[in-house]
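Residues per chain are reported as follows:
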Amino acid sequence: MNNNEINLKDKVIEGYELAEDKEILGIFGNPIKHTLSPVIHDNLSDMLGLNERYIPFQIEERLGDYVKAAYESQILGLNITVPYKEKVIPYLVDIDEDAEKIGAVNTLVRADGGYKGYNTDMEGLYRSVTEAGFEIKDNNIIMLGAGGAARAVAYMCVKYGAKKVYIVNRTLEKAEKLADDMNMIKKDNANEKTFIPIAASDYIRIPNDRYLFIQSTSIGLNADDGLPLVCDENFYDMADAAVDLIYNPEKTKFLEVMSKKKIPYINGLKMLLYQGIIAFEYWNNVKISQDMSEKIYSELKKYYSNK
Ligand code: NDP
């Protein structure tokens, strides 16, 4: 393989540049042009008087070569987003225990000889959920979705002690695999499984009770999307609180229904905020105060009014 073909500069998206007098942070993904992460990291860097810039890199292929090139170019830290959160794992020198169990990495931190991978999506989500006053410990949860982000949601439920978790998905096999993986991590005995997979068409099997709903499908990203997986609005009466991982649009149809039913809810913007803040803390070995977090959150929210 000819390493001369690998030039990170070629992957920088329009509107950004690799300034030589700055420390570089960045994100690898495809597509990447709509990322809000520079708002988080450039503002944090400015607030702390650090000389850093956060650059989105559009990586279409040869992920491993670009990870190596980033390390060799002294890039201080990277975020990894769709479609590479799982694919990046073979190119790391080490992986955090939680990230390994989730099976996805969104943050690379410099270590000896390469990067170590972390998953700050999970802790970011947990921070946003607890800040909203929603409980995970001993709570009953309905998860909608069993894709990449849902793995972080499910692992959060294991780590923070959820009582029962129903994983509803269009493709039952994916919900089954996620439930099996998580029940295994939790070491439940065969009769007392915490995670129960449910095909979307079979939602009626979920016992009538009160649940925290966590929406982690990609349904809702498009303006004309309807409710995720279950169209019967009565199903959502079982919610006592709701989280949608989607933050754009600000209010999906799912959140509109929750709002109409006067159920407390949050969208995914705080998860985005906190996964970024935790990553920044790893990269710079600093602690970001709540006051600073709130300032960054206000910056992120401007995105809704500027759209
Ligand atoms: P994946 O592609 O890995 O998973 C998508 C999920 O949505 C699967 O469960 C899939 O079901 C389901 N789905 C997609 N289209 C349909 C459809 N037409 N009908 C029924 N089910 C459907 O995506 P991710 O898990 O990576 O991301 C999911 C969402 O989470 C995205 O909207 C993303 O923006 C958001 N997210 C937010 C973050 C934040 O910081 N706030 C961080 C990460 C993600 P099936 O298995 O049947 O295909």
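Residues numbered from 1 in each chain as written. Predicted model: local features only at pLDDT ≥ 70, side-chain atom pairs only at ≥ 80, totals over all residues. Heavy atoms only, no water.

A. The arrangement of the pattern of salt bridges in detail. One pass over the structure, following the stated rule, counts 21 salt bridges. Among the ionic pairs, Asp42 bridges to Arg53, the shortest N-O distance being 3.5 Å. Of this pair, Asp42 sits in helix 1 (residues 37–48) while Arg53 sits in strand 2 (residues 52–58), and the two are 11 residues apart along the sequence. Of the charged contacts, one joins Glu131 and Lys270 as a salt bridge, the two residues approaching to 2.6 Å between their closest N and O atoms. Of this pair, Glu131 sits in helix 4 (residues 120–131) while Lys270 sits in helix 8 (residues 269–284), and the two are 139 residues apart along the sequence. Here Glu131 falls in the partly exposed class, since its relative accessible area comes to 37%. Lys270 sits in the partly exposed class, given a relative accessible area of 22%. Connected through salt bridges with shared partners, the residues Glu5, Arg62 and Asp65 form a single ionic network. (Salt bridge = Lys/Arg side-chain N within 4 Å of Asp/Glu carboxyl O. Helix = DSSP H or I, 4+ residues; strand = E, 2+ residues; numbered from the N terminus. Buried < 20%, exposed > 50% of the residue type's maximum accessible area, 1.4 Å probe, protein only.)

B. Layout of the site of the ligand. As a matter of local geometry, the ligand sits amid 22 residues, with Gly148, Ala149, Asn169, Thr171 and Leu245 nearest to it. Between the ligand and Lys174, the relevant distance is 2.9 Å, taken from an oxygen atom to a side-chain nitrogen or oxygen of the residue. Counting only elements with at least two residues in the shell around the ligand, the list comes to helix 5 (148–159) and helix 8. Taken together, the residues that form the shell around the ligand break down as 10 nonpolar, 9 polar and 3 charged. (Near = heavy atom within 4 Å. Polar contact = N/O pair within 3.5 Å; in protein donor to acceptor, adjacent residues only side chain to side chain. Nonpolar A, V, L, I, M, F, W, Y, C, P; charged D, E, K, R; others polar.)

C. Examining the sheet that holds strand 1 (residues 23–29) more closely. Strand order in this open sheet of 6 strands is 2-1-3-5-6-4, and the pairing throughout is mixed. Looking along the sheet, the strands with just one partner apiece sit at the ends: strand 2 and strand 4 (94–95). Examined bridge by bridge, strand 4 and strand 6 (residues 114–118) share 2 bridges and lie parallel to one another. Looking at the pairing, Ile95 lines up with Gly117 of strand 6. (Pairing = 2+ DSSP bridges.)

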